[in-house]
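Secondary and tertiary structure notes
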Amino acid sequence: MAQPASSNFFLDNDDLRFQLSRIDWDVLVDLQERMFLDDDRFHTGREAKAFYDELLTSLGEFAAKEIAPFERELDEQHPHFHDGVVDDAPRLKKIFDALAGLGTMGLTLPRRLGGLNAPNLISNTLLEMLTRADASVAGHFGFYGGMASALMFYSADEGSVTYEGGVPVKSRFDAEISRIVAGKEWGAMVLTEPHAGSDLARLRAHALVQKDGSWRLNGQKIFITAGHGEHHVVIARSEDEGTHPGLKGLSLFYVPGHIGANGKPCAKDAADARPNLIIGGIEHKMGQHSAVAATIHYENSYAELIGQRGEGFRLMLVLMNNARIIVAFEALGTCEAAFRTARAYAEERVAMGKTLARHEMIADYLDEMDIVIRGLRAVTFEAAFHEECGMRIKTILKSNPPANADARKDLDRKAKQHTDRSRVLTPLIKYWGGEEAVRQTRMCMQILGGIGYITETGAEKLLRDALVIPVYEGTSQIQALMALKDNLQAAIKNPARFARDIAETRLLALSSSDSLEKGAARMKMITLSAMQTIISRVAADKLGGVGKKPIGQWRASLTKEWDPAVDFSFGLLHAERLTKLLTWSHTAEVLVTQARSVAGTADADERTEIAQRFIERFEPRSKGVLIEIEATSGSLLQRLLGRSPKKASSSSKAAAE
Ligand SMILES: Cc1cc2nc3c(=O)[nH]c(=O)nc-3n(C[C@H](O)[C@H](O)[C@H](O)COP(=O)(O)OP(=O)(O)OC[C@H]3O[C@@H](n4cnc5c(N)ncnc54)[C@H](O)[C@@H]3O)c2cc1C
């Protein structure tokens, strides 16, 4: 085993524990406990945090001792498909039996259903540790508690939760959730079809409503992780394409794996259970071998509508936003495994008179891996905290709002603040996490030299397992398009605010007395300059010369006869470059804020040094990216598109939307 032995993946990771210590537990625990008001709830953040630390310590030990040592076995064992049934890889099954015994399937679920009512942040921290041990285990794990929490959320969102004295006592999916918490069943998130992955507007699977209000679903879905699970959340077309084209015609459905003699959902092991869907086969993947990715056929399958007709895309986005945050935690676990493997080898192996770790280029790789992991973790925890708070406040407002109007208004304002922040950060961490997981596992292999290419070391497994991270839950390119769209739209809609932001950032970059703050401001200024360049070029291509006008006059020019999908080529070309700049400057800002927030404590020096190291590496890199954007000539675009930039392909429309 290449990864150095550890007895506990929680206790051996100071940075992970530091990030947990920075969370405002009073806020998070209050929101979490307010939803259920159990008798045995935590009353303070401190009390809850002490319990979560203990829990994560024991789960960190489990990951280190009961999963990591079996990573090779997990890689060599594949699930088997026969007669429409999938048999899980034996080691994976054994690990999941043990995880169920530890109560991990219900970490985030209400206590009345057998769960622990812990925040998602705790289950995400576990997920990082599981991925560090083995990516297949982590991939499968997400479809237990994650799917059960989604079912719980959907029930609250659609108004099918029953309350007693303001406390939810029953949800639409209680029976299903209880079986997941017991570790007997799991779910699947079902979107992708053979002809449509990123472009959900092209989905073809369709559902028809029946007289009794239930639905029948038909269609084929592919690459479904844990698709042999019992609880499918499926997006499919429910409306006429003529009246509700593209995304507007999609709805979300709950599809059980089995139905009973009465035609209604039932437990898989019920006496009268029969399959409600067909597993067409499982994929032979290059990595994450123990995890299942299945083809599913729905043939007149019983389905139940979740929420309202036509709301499918909105509802699926909630699940996907959360899944993107989860993937960033997977990326962190992957990077952590790669870094530790590489560092241990480099500190042992001697070449040309000294260890590899003391040769400049290798030392530089290791330093880069270390600082990127710390930056990625800081910004991922920040995104996860805000996503969770925003989601919980919105659920409270929708399902059980306070009677007092001022209190409602206050919650509304807080929900918006949290959601805005998570919306900015989520595509960035999914993008950066995915790309870094691949880059760092590749660096790890390189540091190991020839032996890294040999299967025994596990380094090549890390790379194979990592390669899908920039692909699933929205590819890197799709994340970049989202980041581009949100940031540019905000600037175009409110040019005065954008101009003010530029002025304030420039002032800070020039005159702040705090060198860290100054560095972070310089990085932000580079990002804003890139946005300014992109907007000017897009505007100039469209309207000829508007880019030379003062920013305050852009709005009128840009909104007049403006079709962002067609006129946006220059922006679309540089979406990934802008996303890098946004990611690095937000990370610098978060690291500087953290360093300043621990001033005067034992952590102060270390956190200041981390922020300094990050800025030192990423400021020059940002300048290089800005130069690439600024230097792009019109002829490059013409060559890429085979036509004038003004007539950019309308196929980019779905992506820009
Ligand atoms: C192991 C594994 C597990 C998976 N698990 C699940 C699951 O559980 N549930 C599920 O529903 N799906 C799952 N998927 C599917 C996955 O989410 C899709 O593969 C992914 O969304 C990409 O879709 P696609 O493969 O159709 O590629 P496409 O959408 O065809 O994209 C191909 C390439 O083109 C790029 N591209 C597409 N549109 C644009 C654009 N407008 N601008 C620039 N570039 C663009 C993409 O970024 C990508 O690089 C899984 C896939 C794998 C491999």
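That block above? That's the structure.
As the structure is a prediction and not an experimental result, all values here were calculated from the model. (Residues numbered from 1 in each chain as written. Predicted model: local features only at pLDDT ≥ 70, side-chain atom pairs only at ≥ 80, totals over all residues. Heavy atoms only, no water.)

As a further point, take the overall build of the protein chain. When you go through the protein chain residue by residue, the secondary structure sums to 22 helices and 15 strands. Against the compact-globule benchmark of 26 Å for 657 residues, the protein chain has a radius of gyration of 25 Å, which places it among compact chains. Counting every position in the protein chain, which comprises 657 residues, the buried fraction comes to 55%. A separation of at least 24 residues holds for 73% of the contacts in the protein chain among residues at least 6 apart in sequence. Carbon together with sulfur atoms contributes 53% to the accessible area of the protein chain, which is approximately 27500 Å² in total. Within the protein chain, the 86 negative side-chain charges are centred at a point lying 7 Å from the centre of the 81 positive side-chain charges. (Helix = DSSP H or I, 4+ residues; strand = E, 2+ residues; numbered from the N terminus. Rg over C-alpha atoms; globule rule 2.2 N^0.38 Å. Buried < 20%, exposed > 50% of the residue type's maximum accessible area, 1.4 Å probe, protein only. Contact = heavy atoms within 4.5 Å. Areas by Shrake-Rupley, 256 points an atom, 1.4 Å probe, with all protein chains shown as cover. Lys, Arg positive; Asp, Glu negative; His and termini not counted. Charge placed at Lys NZ, Arg CZ, Asp CG, Glu CD.)

Attention now moves to the site of the ligand. Inspection of the region around the ligand gives 18 residues, with T192, S198, T225, T475 and Q477 positioned closest. Within the side chain of T192, one N or O atom sits 2.6 Å away from a nitrogen atom of the ligand. T475 places a side-chain nitrogen or oxygen 2.6 Å from an oxygen atom of the ligand. Considering the ligand on its own, with 970 Å² of exposed area, one finds that the protein chains cover 65% of that surface. Of all the elements, strand β7 (residues 215-225) adds the most residues to the shell around the ligand, at three residues. Looking at side-chain class alone, the shell around the ligand contains ten nonpolar, six polar and two charged residues. (Near = heavy atom within 4 Å. Polar contact = N/O pair within 3.5 Å; in protein donor to acceptor, adjacent residues only side chain to side chain. Nonpolar A, V, L, I, M, F, W, Y, C, P; charged D, E, K, R; others polar.)

By the burial criterion, the buried members of helix α2 (residues 25-34) are W25, L28, V29, L31, Q32 and E33. Along its buried surface, α2 packs onto α1 (14-22), α3 (45-67), α6 (120-133) and α11 (360-399).

Another aspect to go through is unusual backbone geometry. Here the phi dihedral of F223 falls at roughly 60°; this positive angle occurs in a residue that is not glycine. For F223, the position within the fold is in strand β7. Although it is not a glycine, E473 sits at a positive phi angle of roughly 60°. Mapped onto the secondary structure, E473 falls in the loop between α13 (459-466) and α14 (476-493). We classify E473 as buried; its relative accessible area is 19%.

Tracing the backbone through its elements, the reader meets R324 in helix α10 (residues 312-348). Filtering out sequence-adjacent residues up to four positions away, R324 remains in contact with T426, K430, E473, G474, Q479 and M482.

A few words now on the pattern of salt bridges. Evaluated as defined, the whole model comprises 50 salt bridges. With a closest N to O distance of 2.8 Å, D15 and R607 form a salt bridge. Here D15 is found in helix α1, whereas its partner R607 is found in helix α20 (residues 604-630), with 592 residues between them in sequence. The pair D15 / R607 is uniform in exposure class, with both members buried. D53 is paired through a salt bridge with K49; the nearest N and O atoms lie 2.9 Å apart. Of the two residues, D53 and K49 both sit in helix α3, four residues apart, roughly one turn of that helix. For D53, a relative accessible area of 26% gives the class partly exposed. (Salt bridge = Lys/Arg side-chain N within 4 Å of Asp/Glu carboxyl O.)

Quick look at the packing of aromatic side chains now. Inspection of every chain in the model, using the stated rule, returns 14 aromatic pairs. Consider the rings of F42 and F51, whose centres lie 5.5 Å apart with planes at 40°: the pair is tilted. Here the aromatic rings of W432 and F618 are separated by 6.3 Å at their centres, their planes lie at 90°, and the arrangement is edge-to-face. Of this pair, W432 sits in helix α12 (residues 405-448) while F618 sits in helix α20, placing them 186 residues apart in sequence. Comparing W432 with F618, the two get one shared label, buried. Taken together through their ring pairs, the aromatic side chains of W25, F42, F51 and Y52 make up a single cluster. The positively charged end of R132 is found above the aromatic ring belonging to F9, 3.6 Å away from the centroid. A cation over a ring is seen here: R607 above F18, with NZ or CZ 3.7 Å from the ring centre. (Phe/Tyr/Trp six-rings, centres within 6.5 Å; stacked < 30°, edge-to-face > 60°. Lys NZ or Arg CZ within 6 Å of the ring centre and 35° of its normal.)

The next point concerns the pairing of strand β9 (residues 250-256). Burial runs high along β9: seven of the seven residues are buried. The alternating pattern of β9 places L250, L252, Y254 and P256 and S251, F253 and V255 on opposite faces, both of which are buried. Across seven bridges, the pairing between strand β8 (residues 231-237) and β9 is antiparallel. Across the sheet, A236 pairs through a bridge with S251, a residue of β9. Where β9 lies against strand β13 (residues 293-306), three bridges are found, and the strand directions are antiparallel. By the bridge assignment for β13, Y254 is matched with E304. (Pairing = 2+ DSSP bridges.)

To describe two helices that pack against each other, one gives the angle between their axes and the distance between the axes. Contact geometry for α2 and α11: axes closest at 10 Å, N-to-C directions at 35°. The handedness of the crossing between α2 and α11 is left-handed. Taken together, the residues of α11 that come into contact with α2 (itself represented by V27, L28, L31, Q32 and R34) are F385, E388, C389, R392, I393 and I396. For the contact of α2 with α11, the residue count by class is seven nonpolar, one polar and three charged. (Axes fitted to C-alpha atoms, helices over the stretch in contact; angles between N-to-C directions. Left-handed = near helix turned anticlockwise from the far one by under 90°.)

Nonpolar side chains collect at one region of the surface, where I451, Y453 and I454 lie side by side and expose about 330 Å² of accessible area between them. For Y453, the location among the structural elements is in the loop between α12 and α13. (Patch = residues over 30% accessible without salt bridge, like charges linked within 9 Å, V, L, I, M, F, W, Y side chains within 5 Å.)

Relative to β7, strand β6 (residues 206-209) runs antiparallel, the two being bridged by four bridges. For A207, the partnering residue across the bridge sits in β7 and is L217. Hairpin geometry of β6 and β7 is characterised by an intervening segment of five residues between the two adjacent antiparallel strands and by a positive phi of about 90° at G213.

Here Q638 is to be found in helix α21 (residues 634-641). For the pair Q638 and D14, spaced 624 residues apart in sequence, the C-alpha to C-alpha distance is 50 Å.

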